[in-house]
Amino acid sequence: DAGVTQSPTHLIKTRGQQVTLRCSPISGHKSVSWYQQVLGQGPQFIFQYYEKEERGRGNFPDRFSARQFPNYSSELNVNALLLGDSALYLCASSFNFGGAGGYTFGSGTRLTVV
Amino acid sequence: DQQVKQNSPSLSVQEGRISILNCDYTNSMFDYFLWYKKYPAEGPTFLISISSIKDKNEDGRFTVFLNKSAKHLSLHIVPSQPGDSAVYFCAARTNAGKSTFGDGTTLTVKP
């Protein structure tokens, strides 16, 4: 079975541009979460979606948005990129929403803003 | 305000010995606590979790202990193996699903 797949793996953008990151969850998983990881820190929660509905939002500006599609894949959009948005963006999937089960993470998208 | 803290950025142990990784939290509303392991260029991998109503959970070489009164949890790895060398993240989650992560502890297991 394929794990959580994210695309692209790396990209470089210029300040002020917009970016879309994509995530395909494990087959059968209905929940997708997005995290931002800056070097030297732990992942920071951005969004969680379950059954195509937003179930949680972290402390990120409105420049960050996301959605989940009927096939449970998800996109994270970031507008008006800032240098500080440079980070590893991780997608995680799970079958359920909440509970004790761990999430399965993808390998991430490394975004560099210049 | 960092709600989940891992105060030791790094830990080095000898192969075969016990590794103890620590984590402190401030929010008493957390329902579950989880440990993840991360290798370079990979996403975090789930290791073990514990419910806030328990004080111990064991899975093979990995045991997590929870002390709610002290708002402290620890991960014990026994015996430690060189393949355990990685960054370990502690995470805490409410039943709403949002996970809050610590900044990680880099474990090095020396042969």
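Computed from a predicted structure; not experimentally measured. (Residues numbered from 1 in each chain as written. Chains lettered and ligands numbered in written order. Predicted model: local features only at pLDDT ≥ 70, side-chain atom pairs only at ≥ 80, totals over all residues. Heavy atoms only, no water.)

Below, the discussion takes up the overall build of chain A. A tally of helices and strands in chain A yields zero helices and 11 strands. Mapped from its N terminus to its C terminus, chain A presents α and β elements in the order β-β-β-β-β-β-β-β-β-β-β. Here chain A has a C-alpha radius of gyration of 13 Å; the compact-globule value for 114 residues is 13 Å, and the two agree. Across its three principal axes, chain A shows a C-alpha extent of roughly 35 × 25 × 25 Å. Residues counted as buried form 50% of the 114 residues belonging to chain A. The contacts of chain A with a sequence gap of at least 6 include a subset with a gap of at least 24, amounting to 54%. (Helix = DSSP H or I, 4+ residues; strand = E, 2+ residues; numbered from the N terminus. Rg over C-alpha atoms; globule rule 2.2 N^0.38 Å. Buried < 20%, exposed > 50% of the residue type's maximum accessible area, 1.4 Å probe, protein only. Contact = heavy atoms within 4.5 Å.)

What follows covers the side chain of A:Gln68. Residues and elements named next belong to chain A. Of note, Gln68 is situated in strand β7 (residues 64-68). The exposure class of Gln68 is buried, given its relative accessible area of 7%. Within the structure, Gln68 has its side chain in polar contact with the backbone nitrogen of Lys52 (distance 2.8 Å). Within the structure, Gln68 has its side chain in polar contact with the backbone oxygen of Tyr72 (distance 3.1 Å). Apart from the residues lying within four places of it in its own chain, the contact partners of Gln68 are Lys30, Ser31, Val32, Tyr49, Tyr50, Glu51, Lys52, Glu53, Ser73 and Ser74. (Polar contact = N/O pair within 3.5 Å; in protein donor to acceptor, adjacent residues only side chain to side chain.)

A word on the packing of aromatic side chains. A full pass over the atoms with the stated rule returns 13 aromatic pairs over all chains. For the ring pair A:Tyr35 and A:Phe45, a centre distance of 5.7 Å and an interplane angle of 65° mean the geometry is edge-to-face. Here A:Tyr35 is found in strand β4 (residues 31-37), whereas its partner A:Phe45 is found in strand β5 (residues 44-50), with 10 residues between them in sequence. Residue classification places A:Tyr35 among the buried positions, given a relative accessible area of 0%. With a centroid separation of 6.1 Å and an interplanar angle of 80°, the aromatic rings of A:Phe105 and B:Phe101 are classed as edge-to-face. With A:Phe105 in strand β10 (residues 104-105) and B:Phe101 in strand β10 (residues 99-101), the pair connects residues from two separate chains. Members of the aromatic cluster, connected to one another through ring pairs, are A:Tyr35, A:Phe45, A:Phe105, B:Tyr36, B:Phe46, B:Phe89 and B:Phe101. Its guanidinium or amino end placed over the ring of A:Tyr103, B:Arg93 lies 4.0 Å from that ring's centre, counting from NZ or CZ. (Phe/Tyr/Trp six-rings, centres within 6.5 Å; stacked < 30°, edge-to-face > 60°. Lys NZ or Arg CZ within 6 Å of the ring centre and 35° of its normal.)

Here we come to the pairing of strand β4 (residues 32-38) of chain B. Residues and elements named next belong to chain B. Most of β4 is tucked away: seven of the seven residues are buried. As paired elements, β4 and strand β5 (residues 45-51) share six bridges and run antiparallel to each other. Considered in β5, the bridge of Trp35 is made with Ile48. Between β4 and β5, which follow one another and run antiparallel, lie six residues, and Ala41 among them has a positive phi close to 65°. (Pairing = 2+ DSSP bridges.)

Here we come to the pairing of strand β11 (residues 109-113) of chain A. All names here are of chain A. Side chains Thr109, Leu111 and Val113 project from β11 onto a buried face, and the interleaved Arg110 and Thr112 project onto a face without burial. As paired strands, strand β2 (residues 10-13) and β11 are joined by four bridges and run parallel to one another. By the bridge assignment for β11, Ile12 is matched with Thr112. The sheet contact formed by strand β9 (residues 87-94) and β11 spans three bridges and is antiparallel. Looking across to β11, one finds that Leu88 is bridged to Arg110.

Residues and elements named next belong to chain A. Counting through the fold element by element, Pro8 comes out in the loop between β1 (5-7) and β2. For Pro8, a relative accessible area of 31% puts it in the partly exposed group. Here Pro8 is in contact with Thr20, Leu21, Gly108 and Thr109, once residues within four sequence places are set aside.

This part covers the environment of A:Ala2. Residues and elements named next belong to chain A. Tracing the backbone shows Ala2 in the segment before β1. Under the relative-accessibility criterion, Ala2 is labelled exposed at 57%. In the structure, Ala2 is positioned 25 residues away from Ser27 in sequence and 7.9 Å away in space, judged by C-alpha atoms.

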